[in-house]
Amino acid sequence: MEPAKSNLKHPDDLPANLSTQESEALFEKELEEEQDKIIREAEGEEHTERWWHAFSWKPTNDIKLKEAEKAMLSILKTPYEQFIVKVGEDQAINTIKMGQGPPLVLLHGFGGGVGIWLSNLDELAKKHTVYAVDILGFGRSSRPQFVKPSDGAPDAAEAFLVDSLHEWSNVLKLQKFDLLGHSMGGYLSAVFALKYPQKLTHLVLADPWGIPEMPPDWQSRLPLRWRIIGKLIMSISSSPMTLLRAAGPVGPSLIQKLRPDLVEKFSQHFPAGSRAALDYIYHVNAQYPSGEEAFAALQLPGSFSWAAKPLVNRLPALDPSLGVTFLYGEHTWMDKWIGLHLKDILGQRAQYAILPDAGHHIYVDNPRDFNKAVDLALQNKLKQISDDQMEIALAKWRAKQSVSSTQRASGEGQPAPAAN
């Protein structure tokens with residue numbers, strides 16, 4: 001039996017003559033119809049033929065995730081070790097180790113795992129002993145339940161995600177290491193640096209999540225597709241992967257439909273027709289949402305991914321002896337100029353670069369320049385933008401921040417209070 005196929009149209013495929021409001025309404029209607037269809041088909045199949053795994057409506061399990069990860073890592077040319085590091089009762093961290101030299105630890109972003117670094121591991125391992133890990137609650141690391149407290153949820157989530165990494169480093173007897181994190185992994189890397197500065201020699205934040213404060217007009221900045229999807233998901237859950245799991249057997253096709261760009265980024269490494277990237281992205285995100293629940297607790301309620309404790313107010317307190325590098329993609333949707341603002345505050349110990357031909361997924365969009373930038377950053381030799389360029393960029397960014405601050409003070413554009 002063939003898996004059910006999704007007929008959901010991408011927002012960009014909707015008729016061009018529709019207004020933004022009409023497009024949103026039409027896409028929401030089709031998305032709801034698609035969900036209903038998925039449920040009806042699954043209920044009908046349940047009484048005829050269970051083509052998926054015998055104990056799961058979702059076509060995923062630990063074995064399939066392991067196989068998908070193995071397929072992703074199969075392109076590596078450098079020999080690697082893989083092992084599970086126990087970091088507490090019923091808690092363990094999936095780890096890849098390769099190369100020789102000073103230790104460099106890689107932390108993936110939301111919805112990722114060790115497999116996302118396939119464009120970087122061989123090159124980085126030429127000069128470093130590279131450790132790529134699945135953050136607790138993600139990938140093939142254990143997924144213990146995150147119990148969100150009624151008060152202090154962001155602090156509890158940071159402890160849940162970061163303290164396990166500290167214990168991991170202690171078990172492996174890593175006294176000092178460089179730490180590189182992308183997106184959510186960048187946020188956690190920064191929190192690690194604030195909490196355990198004695199462990200680090202250099203901090204690299206690659207298109208990091210969670211630095212700016214939430215602007216009053218944040219919703220209008222989102223692309224149409226993400227405003228629609230975000231509105232739907234936030235109405236039923238705090239995690240954007242909820243829809244993927246709810247889709248059951250058509251989950252893989254839903255990824256292909258909603259995020260074809262992400263699949264294509266990694267598929268360039270495999271023969272035409274290979275499902276390696278699609279399968280990995282699906283299986284790494286269709287598991288129990290332990291890490292997702294912790295990540296949701298890091299956010300302002302109802303804000304769709306704005307940090308409750310933004311790093312812009314915290315990074316100036318980093319240990320003054322720690323070197324810091326900010327790397328952004330030229331076309332990222334993140335605020336890349338806020339990194340320049342922090343470089344200005346942190347002074348000579350901070351480095352900053354914008355990589356061409358790259359968006360948010362900077363490590364796979366332009367791996368050649370990314371790998372080179374990381375290598376130079378860890379030697380404190382990263383080429384910097386000129387002082388004149390820096391002053392012009394900062395002036396524009398600060399003017400924009402001034403407008404946002406005025407709006408915030410007047411209450412203009414503020415989101416409605418989140419429902420309890």
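Structural data are supplied above this passage.
Presented here is a report on the structure given in the accompanying data block. What you see is a predicted model; the values in this text were computed from it and never measured.

**Brief notes about the overall build of the protein**
Here's step 1: From N to C terminus, the protein includes 16 helices and 8 strands.
Here's step 2: Here the protein, with 420 residues, has 52% of them falling under the buried criterion.
Here's step 3: Put simply, 75% of the contacts in the protein that link residues at least 6 apart link residues at least 24 apart.
Here's step 4: Of the roughly 19500 Å² that the protein leaves accessible, carbon and sulfur atoms contribute 52%.

**Here's the deal with the packing of helix α9 (residues 251-258) against helix α11 (residues 276-285)**
Working note: a packed helix pair is described by the angle between its axes plus the distance between those axes.
Here's step 1: The contact between α9 and α11 brings their axes to 9 Å, and the two run at 110°. It follows that α9 is roughly perpendicular to α11 by the angle criterion. Read as a crossing pair, α9 and α11 show a hand that is right-handed. Residues Gly251, Pro252, Ile255 and Gln256 of α9 form the contact with α11, whose own contacting residues are Leu278, Ile281 and Tyr282.

**What about the nonpolar core?**
Here's step 1: The biggest cluster of nonpolar side chains holds 56 residues, and the ones touching the most others in it are Trp168, Ile211, Leu315 and Phe326.
Here's step 2: Filtering out sequence-adjacent residues up to four positions away, Ile211 remains in contact with Pro310, Leu311, Val312, Leu315, Phe326, Tyr328, Ile338 and Leu342.
Here's step 3: In terms of nonpolar packing, the next biggest core, distinct from the first, is built from 49 residues, Leu76, Ala206, Ile281 and Leu327 among them.

**Topic: the environment of Leu262**
Here's step 1: Mapped onto the elements, Leu262 comes out in helix α10 (residues 260-267).
Here's step 2: On a C-alpha basis, the gap between Leu262 and Ala277 in space is 8.9 Å, while along the polypeptide they are 15 residues apart.
Here's step 3: Once you skip the residues sitting within four places of it in the chain, Leu262 turns out to touch Ile281 and His361.

**Focus on the sheet that holds strand β8 (residues 350-355)**
Here's step 1: Across the sheet, 8 strands lie side by side as β1-β2-β4-β3-β5-β6-β7-β8; this open sheet has mixed pairing. Single-partner strands in this sheet number two, and they are β1 (80-88) and β8. Taking each pair of neighbouring strands and ignoring which way they run, the sheet shows an average axis angle of 20°.
Here's step 2: For strand β3 (residues 103-107) and strand β5 (residues 177-182), the ladder comprises 4 bridges, and the chain directions are parallel. Along β5, the bridge assignment pairs Val105 with Leu179.
Here's step 3: Relative to the sheet, helix α4 (residues 153-171) contacts β1, β2 (91-98), β3, β4 (129-133) and β5, its axis offset from that of β1 by approximately 120°.
Here's step 4: Sheet contacts for helix α5 (residues 184-195): β3, β5 and β6 (200-206); angle to β5, the most-contacted strand, approximately 145°.

**Some remarks on the pattern of salt bridges**
Here's step 1: Per the stated rule, a full pass over the model turns up 9 salt bridges.
Here's step 2: We note a salt bridge from Glu69 to Arg140, for which the minimum N-O separation is 2.8 Å. With Glu69 in helix α2 (residues 62-73) and Arg140 in the loop between β4 and α4, the pair connects residues that are 71 residues apart, well separated along the chain.
Here's step 3: The partly exposed category is assigned to Arg140, whose relative accessible area is 24%.
Here's step 4: Across the pair Arg368 and Asp369 runs a salt bridge, and its minimum N-O distance is 3.6 Å.

**A word on the pairing of strand β7 (residues 323-329)**
Here's step 1: Taken across its 7 residues, β7 has 7 buried, putting it largely inside the fold.
Here's step 2: Here β7 shows a buried face lined by Gly323, Thr325, Leu327 and Gly329 and a second buried face lined by Val324, Phe326 and Tyr328.
Here's step 3: Sheet topology note: the β6/β7 ladder contains 5 bridges and is parallel. Residue Val204 lies in a different strand from β7, and its bridge partner there is Thr325.
Here's step 4: Summarising the sheet, β7 and β8 pair through 6 bridges and their orientation is parallel.

**Focus: helix α15 (residues 367-378)**
Here's step 1: An ideal rise of 1.5 Å per residue puts 16 Å on 12 residues; α15 measures up with 16 Å between its terminal C-alpha atoms.
Here's step 2: By the burial criterion, the buried members of α15 are Phe370, Asn371, Ala373, Val374, Asp375, Ala377 and Leu378.
Here's step 3: Residue Asn380 follows α15 closely and has a positive phi angle near 60°.

**Observations concerning the side chain of Gln299**
Here's step 1: Locating Gln299 in the fold gives a position in the loop between α12 (290-297) and β7.
Here's step 2: There is a polar contact of 3.3 Å between the side chain of Gln299 and the backbone oxygen of Phe295.

**Description of unusual backbone geometry**
Here's step 1: Notably, Ser183 is not glycine yet its phi reads approximately 55°, a positive angle.
Here's step 2: On the basis of relative accessibility, which here comes to 10%, the residue Ser183 falls in the buried class.
Here's step 3: Even without being a glycine, Asp207 presents a positive backbone phi close to 45°.
Here's step 4: Along the chain, Asp207 turns up in the loop between β6 and α6 (218-221).
Here's step 5: Judged by its relative accessible area of 0%, Asp207 is buried.

**Examining the packing of aromatic side chains**
Here's step 1: Enumeration over the complete set of coordinates arrives at 11 aromatic pairs.
Here's step 2: Ring pairing ties together the aromatic residues Phe110, Phe138, Tyr187, Trp209 and Phe295, which thus form one cluster.

**Details of the packing of α4 against α12**
Here's step 1: Direction vectors running N to C along α4 and α12 enclose 140°, while the axes themselves pass 8 Å from each other. It follows that α4 is oblique to α12 by the angle criterion. Judged by the twist between their axes, the crossing of α4 over α12 is left-handed. Contacts from Ala153, Pro154, Ala157, Phe160 and Leu161 of α4 reach α12 at Ser290, Ala294, Phe295 and Ala297.
Here's step 2: Tallied by class, the residues present in the contact of α4 with α12 amount to 8 nonpolar, 1 polar and no charged.

About the criteria used
Residues numbered from 1 in each chain as written. Predicted model: local features only at pLDDT ≥ 70, side-chain atom pairs only at ≥ 80, totals over all residues. Heavy atoms only, no water. Helix = DSSP H or I, 4+ residues; strand = E, 2+ residues; numbered from the N terminus. Buried < 20%, exposed > 50% of the residue type's maximum accessible area, 1.4 Å probe, protein only. Contact = heavy atoms within 4.5 Å. Areas by Shrake-Rupley, 256 points an atom, 1.4 Å probe, with all protein chains shown as cover. Axes fitted to C-alpha atoms, helices over the stretch in contact; angles between N-to-C directions. Parallel < 35°, antiparallel > 145°, perpendicular 65-115°, else oblique. Left-handed = near helix turned anticlockwise from the far one by under 90°. Core = buried A, V, L, I, M, F, W, Y, C linked by side-chain atoms within 4.5 Å. Pairing = 2+ DSSP bridges. Salt bridge = Lys/Arg side-chain N within 4 Å of Asp/Glu carboxyl O. Expected span 1.5 Å × (residues − 1). Polar contact = N/O pair within 3.5 Å; in protein donor to acceptor, adjacent residues only side chain to side chain. Phe/Tyr/Trp six-rings, centres within 6.5 Å; stacked < 30°, edge-to-face > 60°. Nonpolar A, V, L, I, M, F, W, Y, C, P; charged D, E, K, R; others polar.

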